[in-house]
Every structure is written in structure tokens, then in C-alpha cells.
Amino acid sequence: MQKDLGDYRKSYEKSALMEDSISDNPIQLFQTWFYEVENSDGVDEPNAMTVSTVGLDGFPKSRVVLLKKYTHEGFIFYTNYNSEKGKAISENPNLCLSFFWANLERQVIIKGVAEKLPENLSDGYFESRPEGSKLGAVVSEQSTVIDSRAVLEDNLARLEKEYSDKEIERPKHWGGYLVRPVSMEFWQGRPNRLHDRIRYTLTDEYEWKMERLAP
Ligand SMILES: Cc1cc2nc3c(=O)[nH]c(=O)nc-3n(C[C@H](O)[C@H](O)[C@H](O)COP(=O)(O)O)c2cc1C
């Protein structure tokens, strides 16, 4: 079987990324772009990002997770610390996060170092989740092999009974990671494949160096 996809071709014409009109601080530029994406049409989950880890098997692995907060310190997502990604991060905290916002013809690629959030912050976020999501975090031993879907549904039914009249506490193996960026690259599609790429790199002096990369 084969299918030729060579005819998928698009000219990117929506915007530009010029040094003299962007912030010296990449998190500031991220905020500007994120705001524009949130206020544009055609993106369902603007906070969906691809998280890549280097696995214990030596292979990179990427999967989508939801960005739940960003601050001047970095980017926060929540997951199961015992999952495949959790185990990978405990051996090698260097991660890559990436966003592709097709409607605005933009990509952001962030390299950074992950650390577990302080427990009280994970508690606070867990508290704010709907009951169903809380139970889901308790029920699922993320990334383990299970015999069937029934395993999950039976566990859920059991836990729904068990917790019908008590608070669901955050399982200790579930929580957030803060990813502190060391490099952030912004890509804006342009006509004739002459796309704009601006990369910010954190220097020893904790300042950001801005460079333009060839597309
Ligand atoms: C749109 C979307 C959002 C997701 N959000 C999360 C999330 O916030 N946290 C999470 O652990 N998994 C999330 N997932 C599931 C992950 O992609 C992945 O299946 C899971 O984290 C297990 O990954 P691992 O086995 O590589 O650790 C999401 C998946 C999709 C498609």
C-alpha cells in the first residue's frame, strides 16, 4: 500500500516575527502568542502541547499533555509520576515541550529541565479538579498494561462507592512538573518557505540571547 502526500502544500501568509517588534523575554512572547491563539478561531485546545522525554530504553518519546499554567519561572503540567514519562523524567529531567497552532501558522519549541512541583501546589490543583477527574487519577495506574477496559470500570465503580461520603485526596504518585526553560524557539510560517525562526537561549548570566535561525 502507498499514498503520495506530495500535493499537500500550503503557503504561510498570516504573520511575521521580527526582532524589533518582539520582547527580549521569551516567556513574554509566549504570553503574547498564547493570548492571540486563545482569541483566534479554529483551535480547540490551545494548551495542548507535545512533551518529549528521553526514555529509559534510550528512545525519545512524545505525547500530548495539557499545559495548566505558565509563569515567569516556566511551564506546568500534571501527570502520574509513575507513568512512562514520570520514570523517564526521574532519570533525565531534560524535556522538550512543543506547540503547533496551525490556524496561526505558529510553532513553539521549548527545551527545559523538569522538577516536581511542591506538594502543596499539586494539592491545590488536584482540589480544583472535577470529582470524575480526581477519581480517574486514583483509578488509573497510568502506562501499565491492563487486561481489559473492565479493569478500569470496575475500579472506578468500587472507588465511587468508597468515596461517596469522603474527600478524594491527591494520590502521592500524581502531581505537577514545572519545566524551567533553557531555550525557546518561535516559528512563524512565511511565504516561499522563508519562515521566521527566533531562538532564545538562557545564558550563564541568566539573560536571554536572541538569535535568528535559517528556516
Ligand atoms: C489532548 C490530550 C491531552 C492530554 N492531557 C494529558 C495530561 O494533562 N496529563 C497526562 O498525564 N496525560 C495526558 N494525556 C495523555 C497522554 O498523551 C499520554 O497518553 C499519557 O500521559 C501516558 O503517557 P506515557 O505512558 O508516555 O507516560 C493527554 C492526551 C491528549 C490527546
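Look a little higher up for the structure.
These numbers come from a predicted model, not from an experiment.

Trainee: Even after reading the chapter, I still don't get the pattern of salt bridges, so can you show me in this structure?
Mentor: Side chains carrying opposite charge are able to pair once their charged atoms draw close together. If you walk through the whole model with that rule in mind, you get 18 salt bridges. Between Lys-61 and Glu-84 there is a salt bridge, with its nearest N and O atoms 2.9 Å apart. In this pair, Lys-61 sits in strand S2 (residues 60-70) while Glu-84 sits in helix H2 (residues 84-91), placing the two residues 23 residues apart along the sequence. For Lys-61, a relative accessible area of 33% corresponds to the partly exposed category. Salt bridges sharing common partners tie together Glu-19, Arg-190, Asp-196 and Arg-212.

Trainee: Is there a simple way to think about the packing of aromatic side chains in this case?
Mentor: Working definition: an aromatic ring pair is given by the centre-to-centre distance plus the angle between the planes. All chains considered together, the criterion is met by 18 aromatic pairs. Here Phe-30 and Phe-75 contribute two aromatic rings whose centre-to-centre distance is 5.0 Å and whose plane-to-plane angle is 80°, an arrangement assigned as edge-to-face. A residue pair is termed long-range when its members are at least 10 positions apart, and Phe-30 in helix H1 (residues 26-38) and Phe-75 in strand S3 (residues 75-80) qualify at 45 residues. The exposure class of Phe-75 is buried, given its relative accessible area of 0%. Through pairs of rings, three or more aromatic residues link up here, namely Phe-30, Phe-34, Tyr-70, Phe-75, Phe-99 and Trp-101. In this structure, Arg-106 packs its charged tip against the face of Trp-33, placed 4.3 Å from the ring centre. Across from the ring centre of Tyr-81, 4.4 Å away, lies the NZ or CZ of Lys-116, which sits over that ring.

Trainee: How do you make sense of the site of the ligand when you look at a structure like this?
Mentor: Of all residues adjacent to the ligand, which total 13 residues, the nearest are Arg-63, Val-64, Thr-79, Lys-85 and Ser-143. Lys-61 is positioned with one of its side-chain polar atoms (N or O) 2.8 Å from an oxygen atom of the ligand. At 2.6 Å from an oxygen atom of the ligand is found a side-chain nitrogen or oxygen belonging to Ser-143. Burial of the ligand by the protein chains amounts to 66% of its free accessible area of 620 Å². Of all the elements in the fold, those that place two or more residues in the shell around the ligand are S2, S3 and H2. Of all the elements, S2 adds the most residues to the shell around the ligand, at 5 residues. Of the residues contributing to the shell around the ligand, the split by class is 4 nonpolar, 4 polar and 5 charged.

Trainee: Looking at this structure, I do not really get the environment of Gly-112. What am I missing?
Mentor: With respect to the helices and strands, the residue Gly-112 is situated in strand S5 (residues 106-116). Under the relative-accessibility criterion, Gly-112 is labelled buried at 4%. The spatial distance from the C-alpha of Gly-112 to the C-alpha of Phe-75 is 9.1 Å, given a sequence separation of 37 residues. With near-sequence residues (within four places) excluded, Gly-112 lies in contact with Pro-93, Asn-94, Leu-95, Val-179, Arg-180, Pro-181 and Val-182.

Trainee: Just checking my understanding: could you explain the layout of surface pockets for this structure?
Mentor: Here the idea is plain: a probe the size of a water molecule rolls over the atoms and shows the empty space left. One number sums up the size of the largest pocket: a volume of about 440 Å³. The greatest single-element share of the lining of the largest pocket, amounting to 6 residues, is contributed by S2. Classifying every residue of the lining of the largest pocket gives 8 nonpolar, 8 polar and 6 charged. In this structure, the second largest pocket encloses a volume near 220 Å³. Together, 14 residues line the second largest pocket, and Lys-69, Ile-76, Tyr-78, Leu-117 and Leu-121 are the ones closest to its centre. Looking at the lining of the second largest pocket residue by residue, the class counts come to 7 nonpolar, 1 polar and 6 charged.

Trainee: Please explain the side chain of Ser-52 as it appears in this structure.
Mentor: Here Ser-52 shows up in strand S1 (residues 48-54). At 2.6 Å, the side chain of Ser-52 forms a polar contact with the side chain of Ser-62. Those residues in contact with Ser-52 that lie beyond four places of it in its chain are Lys-61, Ser-62, Arg-63, Asn-94, Leu-95 and Cys-96.

Trainee: Mind showing me how you'd approach the nonpolar core here?
Mentor: Taken as a class, soluble globular proteins show a tendency for nonpolar side chains to be buried jointly. By size, the foremost hydrophobic cluster in this structure holds 30 residues, and its most contacted members are Phe-30, Phe-77 and Phe-186. Mapped by element, the contributors of at least two residues to this core are H1, S1, S2, S3, strand S4 (94-101), S5, strand S6 (174-188) and strand S7 (196-202). Looking at this core element by element, the count peaks at 6 residues for H1.

So, how was this worked out
- Residues numbered from 1 in each chain as written.
- Predicted model: local features only at pLDDT ≥ 70, side-chain atom pairs only at ≥ 80, totals over all residues.
- Heavy atoms only, no water.
- Salt bridge = Lys/Arg side-chain N within 4 Å of Asp/Glu carboxyl O.
- Helix = DSSP H or I, 4+ residues; strand = E, 2+ residues; numbered from the N terminus.
- Buried < 20%, exposed > 50% of the residue type's maximum accessible area, 1.4 Å probe, protein only.
- Phe/Tyr/Trp six-rings, centres within 6.5 Å; stacked < 30°, edge-to-face > 60°.
- Lys NZ or Arg CZ within 6 Å of the ring centre and 35° of its normal.
- Near = heavy atom within 4 Å.
- Polar contact = N/O pair within 3.5 Å; in protein donor to acceptor, adjacent residues only side chain to side chain.
- Areas by Shrake-Rupley, 256 points an atom, 1.4 Å probe, with all protein chains shown as cover.
- Nonpolar A, V, L, I, M, F, W, Y, C, P; charged D, E, K, R; others polar.
- Contact = heavy atoms within 4.5 Å.
- 1 Å grid on protein atoms, 1.4 Å probe; cavity = no way out; pocket = protein on both sides within 12 Å on 5 of 7 lines; lining within 4 Å.
- Points joined across faces, edges and corners; volume = space filled by probe spheres on them.
- Core = buried A, V, L, I, M, F, W, Y, C linked by side-chain atoms within 4.5 Å.

Fair warning: the whole summary comes from geometry, so function is off the table for now.
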